[in-house]
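Residue-level structure breakdown
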Amino acid sequence: MRIAGLLAAPMAWLVVVYLGALLALFITAFWTVDDFTGQLVRTFTLKNFQEVFSNPAYLTTVLRTLGIALSVTVVCLVLALPLAMFMARIAKPSWRPLMVALVLTPLWASYLVKVYAWRAMLQPESGVIAWFLKPLGLSGPGYGTVGIIITLTYLWLPYMILPIYAGLTRLPNSMLDASADLGASGGRTFRSIVVPMIFPSVVAGSIFTFSLSLGDYITAQIVGGTTTMLGNVVQTTYVTNLPFAAAVATIPVVIVLLYLTAVRRSGALENL
Amino acid sequence: MHTKRLLKVADVASAVAMLAAACGGSSSSSSASGGANGGAAGSAAAVPGGAAFAGPVGDGEGQLNVLAWPGYAENGSSDPNVDWVTPFEKATGCKVNVKSFGTSDEAVKLMQGGGWDVVSASGDATLRLIYGDTVQPVNTDLVPNYKDIFPDLKMQKFNSVAGVPFGIPHGRGANLIMYNTKDVTPAPDSWAPTFEADSPYKGYVTAYDSPIFIADAAVYLMATKPELGIKDPYALDQKQFDAAMALLQQQKPLISEYWSDYTKAVDAFKSGTTKIGTSWQVINNLAKADGATVEAVKAKEGATGWSDTWMVAKDAKNINCAYKWLDWIVSPKVNAQVAEWFGEAPSNSKSCAETSDKSFCDTYHAADTAYWKDVYYWNTPTAKCLDGRTGVQCVPYSEWATAWSALRSS
């Protein structure tokens with residue numbers, strides 16, 4: 001009884017505020033607006049979804065956003081794996097808290113400050129990156145899709161490192177020893193022992209990096225040049241056409257739900 | 001439920017009255033205003049927004065929530081010498097909370113959300129606010145400085161309905177071509193380098209990130225493709241609209257960045273990411289103050305522009321402070337300060353004597369009616385063509401918005 005009382009408030013919060021908002025979003029997507037004042041007209045229509053799916057520009061944006069979110073996830077994984085490996089298995093155990101703190105430090109700075117810092121660094125001619133690449137005869141990525149991927153990777157990398165690090169610290173030494181005793185090489189141990197054991201951690205990290213990237217629009221605005229993501233479409237249309245923006249906003253929700261379903265099927269969630 | 005439906009009917013009735021006024025010229029507009037007066041005496045139904053504040057303006061409520069274009073309500077935080085909010089607070093006891101917005105669409109959305117007392121609305125927002133029932137008529141008798149406002153700014157299509165004023169004109173300006181004097185030679189006098197595919201500044205062009213920018217393309221087409229017959233850049237039929245969109249599609253590869261946040265535009269010009277493009281005088285001033293080598297000029301093809309109006313929210317909680325603000329912001333001295341800081345022509349005829357630069361009003365053509373002939377003030381496009389054409393449908397603003405978002409997404 002007491003537990004039920006304790007849980008009531010968070011459950012009410014979850015249902016009313018969280019699911020309620022999602023439901024409101026979904027319902028709004030079937031309404032329309034007054035052509036002139038831009039105010040809501042509550043009549044049922046499918047035209048918002050028709051517009052989203054019939055206009056190739058929006059389909060391109062969906063694919064581009066998906067591509068960006070996937071790239072960010074892959075790059076984060078590639079960077080996080082060796083780093084977490086070093087932190088958890090190679091460095092002295094007494095250093096671990098310090099290294100975890102260092103990984104966490106970027107999270108203490110404001111999101112906007114970090115993105116504007118990247119805007120300065122990515123500047124096509126005078127930025128630090130362009131300046132470094134100039135002697136090599138290369139030019140920087142400038143503002144655009146690559147700039148977005150780099151910046152988002154920087155922003156979400158800690159969310160990938162930490163779960164993998166946690167997974168690796170939980171890896172029992174006895175298993176690695178047994179593998180070595182049975183004559184497996186380092187690579188074989190990694191493939192047959194380490195990867196299956198930390199797979200749930202990788203999935204957990206990828207849920208963060210993927211869904212955070214999928215919904216981002218401020219980074220695209222600041223370092224994206226003319227590139228837009230789904231969030232930008234929502235942002236530019238919600239003022240004049242809220243139902244259309246709601247229809248667009250359901251797309252990332254559906255994508256994340258599909259992703260979570262796929263992850264659940266793989267059984268990774270149970271092992272977390 | 002019932003009252004809502006009644007309000008709808010009232011809206012339609014007043015819309016018809018307004019359209020009649022717009023079509024029929026002076027004779028029918030006087031009859032429409034007569035009708036509005038009758039309405040004010042009988043019921044408030046003829047004009048949206050209900051009745052204006054009857055007055056008298058009493059003591060302030062202690063605070064005022066202001067929604068303004070950046071640079072319109074400065075309290076010294078941008079530049080310690082630029083401050084007309086603090087003196088207002090001292091004089092009236094109304095503490096001012098300011099929020100600035102980057103586009104008219106943002107202003108409309110924020111106003112619909114409620115909680116604001118006054119807003120500086122451009123012509124592409126005013127009618128949406130009036131017919132969206134988010135603002136109230138303004139009793140100009142309670143604003144002593146109203147009498148000194150330039151007559152050609154009063155009672156315009158975008159700041160009054162059926163002879164009922166909905167705000168106090170604040171100032172006007174043109175959207176300019178801004179360019180980096182080091183990189184852009186010779187100095188441009190045309191929009192061509194920002195639109196034409198063979199522009200030497202490919203990859204360094206900027207444009208305003210709002211559906212209303214479609215009108216800028218239309219202004220350029222008015223000069224370069226007269227066969228399209230565009231008379232008013234806010235009254236585009238489907239063919240003209242498609243031509244404007246095609247021009248914007250052609251412009252897209254030239255663009256380095258679109259801007260709607262003016263600080264981003266300042267930064268882009270300072271860093272050299274952007275070398276030429278659409279801008280406001282205030283952006284030019286801020287970039288110059290930071291040492292950028294930039295200039296801004298009006299294009300020979302003409303330009304879009306703005307004529308801004310201070311309006312009062314329908315549900316304004318601080319009505320006395322709101323009227324004090326309306327009078328303060330168009331008082332000669334303050335109006336001159338705002339105009340000089342933002343870089344626009346003041347609306348108060350007496351402001352010209354108060355500017356620190358005595359030639360300011362000449363530079364900004366405050367009283368020069370001819371200068372404003374090819375400046376097309378932002379307006380809200382409607383299905384019924386604003387230029388008075390009949391027998392053809394124009395593209396309404398909601399479709400401008402979807403076309404713009406599709407262009408930006410492609």
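Summarised in this report is the structure supplied together with it. Keep in mind it's a predicted model, so treat the numbers as computed, not measured.

**Comments concerning the overall build of chain B**
Of regular secondary structure, chain B possesses 13 helices and 15 strands. Per-residue burial over chain B gives 53% buried out of 410 residues. For chain B, contacts bridging at least 24 residues in sequence account for 71% of all contacts bridging at least 6.

**Topic: the interface of chain B and chain A**
Residue-level contacts link 27 residues of chain B with 27 residues of chain A. If one sorts the elements of the side of chain B that touches chain A by residue count, helix α13 (residues 397-409) of chain B sits on top with seven residues. Classifying every residue of the side of chain B that touches chain A gives eight nonpolar, twelve polar and seven charged.

**Some words on the sheet that holds strand β8 (residues 176-180) of chain B**
Residue and element names in this part refer to chain B. A sheet is described by the order of its strands in space; here five strands give the open sequence β10-β9-β11-β8-β12, paired in mixed fashion. Edge strands, defined here as strands with exactly one partner in the open sheet, are β10 (255-259) and β12 (294-297). Here the average twist between neighbouring strands, direction ignored, is 25 degrees. Where strand β9 (residues 205-208) lies against strand β11 (residues 276-279), two bridges are found, and the strand directions are parallel. Within the sheet, the bridge partner assigned to Thr206 lies in β11 and is Gly277. Contacting β8, β11 and β12, helix α9 (residues 281-289) crosses the sheet at an angle of about 165 degrees to β12.

**Focus on the pairing of strand β13 (residues 303-313) of chain B**
Residue and element names in this part refer to chain B. The buried count for β13 comes to eleven of eleven residues, which makes it a mostly enclosed element. Across four bridges, the pairing between strand β3 (residues 118-121) and β13 is antiparallel. The residue of β13 that forms the bridge with Ala121 is Thr309. With two bridges joining them, strand β4 (residues 135-136) and β13 adopt antiparallel strand pairing.

**Concerning the nonpolar core**
Counting residues in each nonpolar core, the largest one holds 128 residues, and the members touching the most others are Val118, Ile214, Ala218, Ala244, Ala322, Trp325 and Leu326 of chain B. Split by domain, the residues of this core number at least three in each of domain 2 (47-169 + 311-369) and domain 3 (176-279 + 380-409) of chain B. Ignoring any residue separated from it by four or fewer positions in sequence, one finds Ala244 of chain B in contact with Ile214, Ala217, Ala218, Leu221 and Leu236 of chain B. Listed in part, the 53 residues of the second largest apolar core include Ala80, Trp118, Ile149 and Tyr165 of chain A.

**Considering helix α7 (residues 238-251) of chain B**
Residue and element names in this part refer to chain B. In a regular helix each residue adds 1.5 Å, so 14 residues correspond to 20 Å; α7 covers 20 Å between its end C-alpha atoms and thus fits that length. Along α7, the residues that are buried comprise Gln240, Phe241, Ala244, Met245, Leu247, Leu248 and Gln251. Considered in projection along α7, the buried side chains sweep an arc of 155 degrees and stay on one side of the axis. In α7, the exposed positions angled more than 90 degrees off the buried face are occupied by Gln238, Lys239, Ala246 and Gln249.

Cut-off values and rules
Residues numbered from 1 in each chain as written. Chains lettered and ligands numbered in written order. Predicted model: local features only at pLDDT ≥ 70, side-chain atom pairs only at ≥ 80, totals over all residues. Helix = DSSP H or I, 4+ residues; strand = E, 2+ residues; numbered from the N terminus. Buried ≥ 20, exposed ≤ 12 C-beta atoms within 10 Å, placed from the backbone. Contact = placed C-beta atoms within 7 Å. Nonpolar A, V, L, I, M, F, W, Y, C, P; charged D, E, K, R; others polar. Pairing = 2+ DSSP bridges. Axes fitted to C-alpha atoms, helices over the stretch in contact; angles between N-to-C directions. Core = buried A, V, L, I, M, F, W, Y, C linked by C-beta atoms within 7 Å. Domains from an automatic or database assignment. Expected span 1.5 Å × (residues − 1). Arc of directions from axis to C-beta.

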